[in-house]
Amino acid sequence: MGASLDGSKRLRVLSALVDGNSERAAARIAGVDRETVGRLSLQFGTGALNLHNALARHLAASLIQVDEIWSYVGKKQKRVTPEDPPYVGEAYTFVAMSATSRFVIGWHVGKRNEESARAFMEDVRARLCVMPSIVSDGFAPYIAAVGASFGPGVDYAQTVKNYSRKGRRDDDHRYEPAREAHFITKRAIFGAPDLDTASTAYMERQNGTMRHHIGRMRRLSYAFSKRPENHRAAVSLAYVHYNMCHIVSTLRTTPGMAAHVTDHLWEMEELLDALMTAKPCDPPVKEALRHREPEGPARELPGGRGFLRLVGGGKGERHAGHDVRPPEPTAPVPAMVASAGPAADANGQYDLFSWQPKPHPKGQLSLFPDDEPR
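Residues numbered from 1 in each chain as written. Predicted model: local features only at pLDDT ≥ 70, side-chain atom pairs only at ≥ 80, totals over all residues. Heavy atoms only, no water.

### Brief notes about a positive patch on the surface
Inference 1: Where like charges cluster on the molecular surface, the positive patch consists of Lys76, Lys78, Arg79 and Arg219.
Inference 2: Looking at the element boundaries, Lys78 is found in the loop between strand E2 (72-73) and strand E3 (89-90). (Patch = residues over 30% accessible without salt bridge, like charges linked within 9 Å, V, L, I, M, F, W, Y side chains within 5 Å. Areas by Shrake-Rupley, 256 points an atom, 1.4 Å probe, with all protein chains shown as cover. Salt bridge = Lys/Arg side-chain N within 4 Å of Asp/Glu carboxyl O. Lys, Arg positive; Asp, Glu negative; His and termini not counted. Charge placed at Lys NZ, Arg CZ, Asp CG, Glu CD. Helix = DSSP H or I, 4+ residues; strand = E, 2+ residues; numbered from the N terminus.)

Pasting the structure below:
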């Protein structure tokens, strides 16, 4: 596992890998065998995942942006045959990032389906201690995944990009279709998210940074992964390096320092030592979430029930560029009421599809569940 290499060569291999080089390029830079670099990359990735599980706990992220990054293992999806193993083809990386600190809270590598979305959201939920506000793109399985992990009380919005079927003739027509006049549509899914601040811009910008640091994710390149374990290891290593060693220019600090995970900038020597000595660590177990303090006008409810907030959306009010109409349901998600909600099972999961809300009795409704209607 690279134990025979001296520390300087391991450091050169690590520096080459996190700078977006392929295994062959890292071997040439460090002057070691390519197979040795492959074994080291697996060891680095395993240590990075254990290190992230130990550090990314009890995070207070008030606004989370979620997105997926496309990549593939072995061959592209359109060339996959029935004889290929199930791991061959597309490999999407689901990523959740705090919009305030830019700290990458969690990631999951898998197919772009509901199973991966649920596993990803469960991991993100277990690392938080404050109920966040979540923004994602228009990927439909996110609705069930967010609802099952956080419940209907979470503020969750989607920003949908509207592309046109018309062809493009400019230089970028191969990578992105034409856009509609109203390119981005925002819609509230759960709770009362602030649609004025709902965006995935930070997450999408971070995706470009990671394509620079992970050579396997670059398009039109031979540096793609051939095995899924190597791909996951490279992804884990890159995100841990980003959190602890990468300085965000707008924040002038690392995401780990901004999120109060560490109090100093990690140099490559410290990262190497942490990766090589990281002990096996399981992902955290989810805990009860505290209510976050809203930024706008609000009044705290008695009994720790949360906050009564002033939100927009009154009669005749319209947000420029926002779609205030209710979203078209992709699954039979029931309407939510203020005084009742689906109960969680023994594992803390919410079944949003089998729950039926109880009708309110006639009369004035109360803001507090324990009060009787007048």
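### With respect to unusual backbone geometry
Outside of glycine, negative phi angles account for most residues, and trans bonds account for most peptide bonds.
Inference 1: Notably, Leu220 is not glycine yet its phi reads approximately 55°, a positive angle.
Inference 2: Its place among the elements puts Leu220 in the loop between helix H6 (201-213) and helix H7 (228-245).

### Quick notes on the packing of aromatic side chains
Ring pairs (aromatic) are described by centroid distance and by the angle formed between their planes.
Inference 1: This model, assessed by the stated rule, comprises eight aromatic pairs.
Inference 2: Centre to centre, the rings of Phe94 and Tyr142 are 6.2 Å apart; their planes meet at 85°, and the pair counts as edge-to-face. You can see Phe94 sitting in strand E4 (residues 92-98) and its partner Tyr142 sitting in helix H5 (residues 141-150), a full 48 residues away along the chain.
Inference 3: Its relative accessible area of 0% is what places Phe94 among the buried residues.
Inference 4: Judged by relative accessible area, which is 0%, Tyr142 ranks as buried.
Inference 5: When the centroid spacing of 5.2 Å and the interplanar angle of 25° are considered together, the rings of Trp107 and Tyr239 count as stacked. Here Trp107, found in strand E5 (residues 104-110), pairs with Tyr239, found in helix H7; they are 132 residues apart in sequence, far enough to count as distant. Each member of the pair Trp107 and Tyr239 is classed as buried.
Inference 6: Within the aromatic cluster, the residues linked to one another by ring pairs are Phe94, Phe120, Phe139 and Tyr142.
Inference 7: If you follow Arg102 out to its NZ or CZ, it ends over the ring of Tyr202, 3.7 Å from the centre.
Inference 8: Over the face of the ring belonging to Phe139 we find Arg112, whose NZ or CZ atom lies 4.1 Å from the ring centre. (Phe/Tyr/Trp six-rings, centres within 6.5 Å; stacked < 30°, edge-to-face > 60°. Buried < 20%, exposed > 50% of the residue type's maximum accessible area, 1.4 Å probe, protein only. Lys NZ or Arg CZ within 6 Å of the ring centre and 35° of its normal.)

### Looking at the confidence of the model for the protein chain
Inference 1: For the protein chain, mean pLDDT is 83; residues scoring 70 or higher make up 74% of the total.
Inference 2: Segment residues 314-321 is flagged for pLDDT under 50; beyond a separation of four residues in sequence, or across chains, it makes seven contacts in the model.
Inference 3: Long-range and interchain partners of residues 333-340, a stretch whose pLDDT sits below 50, account for 17 contacts in this model, where long-range means more than four residues apart. (pLDDT = per-residue confidence, 0-100. Contact = heavy atoms within 4.5 Å.)

### Things to note about the pairing of E5
Inference 1: Burial of E5 is extensive: six of the seven residues sit out of reach of the surface.
Inference 2: Note that E4 and E5 share six bridges and pair antiparallel. From the neighbouring strand, Thr93 faces E5, where its bridge partner is Val109.
Inference 3: If you look at the hairpin formed by E4 and E5, you'll find five residues sitting between the two strands, and Arg102 has a positive phi there, around 65°. (Pairing = 2+ DSSP bridges.)

### Brief notes about the packing of helix H1 (residues 7-18) against helix H9 (residues 268-277)
Inference 1: In contact at an axis separation of 10 Å, H1 and H9 are set at 100° when each is read in the N-to-C sense. By the angle between their directions, the pair H1 and H9 is classed as roughly perpendicular. Facing H1, whose interface residues are Gly7, Arg10, Leu11, Leu14, Ser15 and Val18, H9 presents Met268, Glu269, Leu271, Leu272, Leu275 and Met276.
Inference 2: In terms of residue class, the contact of H1 with H9 is built from eight nonpolar, two polar and two charged. (Axes fitted to C-alpha atoms, helices over the stretch in contact; angles between N-to-C directions. Parallel < 35°, antiparallel > 145°, perpendicular 65-115°, else oblique. Nonpolar A, V, L, I, M, F, W, Y, C, P; charged D, E, K, R; others polar.)

### Describing H7
Inference 1: Between its terminal C-alpha atoms H7 stretches 25 Å, which fits the 26 Å expected from 18 residues at 1.5 Å a residue.
Inference 2: H7 sits mainly inside the fold: 16 of its 18 residues count as buried. (Expected span 1.5 Å × (residues − 1).)

### Some details on the nonpolar core
Across soluble globular proteins, nonpolar side chains show a tendency to be buried alongside one another.
Inference 1: Val13, Leu14, Phe44, Tyr239, Leu271 and Leu275 are the most contacted members of the largest nonpolar core, which totals 44 residues.
Inference 2: When residues of this core are traced back to their parent elements, those giving at least two are H1, helix H2 (23-30), helix H3 (34-55), E4, E5, H6, H7 and H9.
Inference 3: The biggest single contributor to this core is H7, with nine residues.
Inference 4: For Val13, the contacting residues outside a window of four places in its chain are Ala30, Val32, Val37, Leu40 and Phe44. (Core = buried A, V, L, I, M, F, W, Y, C linked by side-chain atoms within 4.5 Å.)

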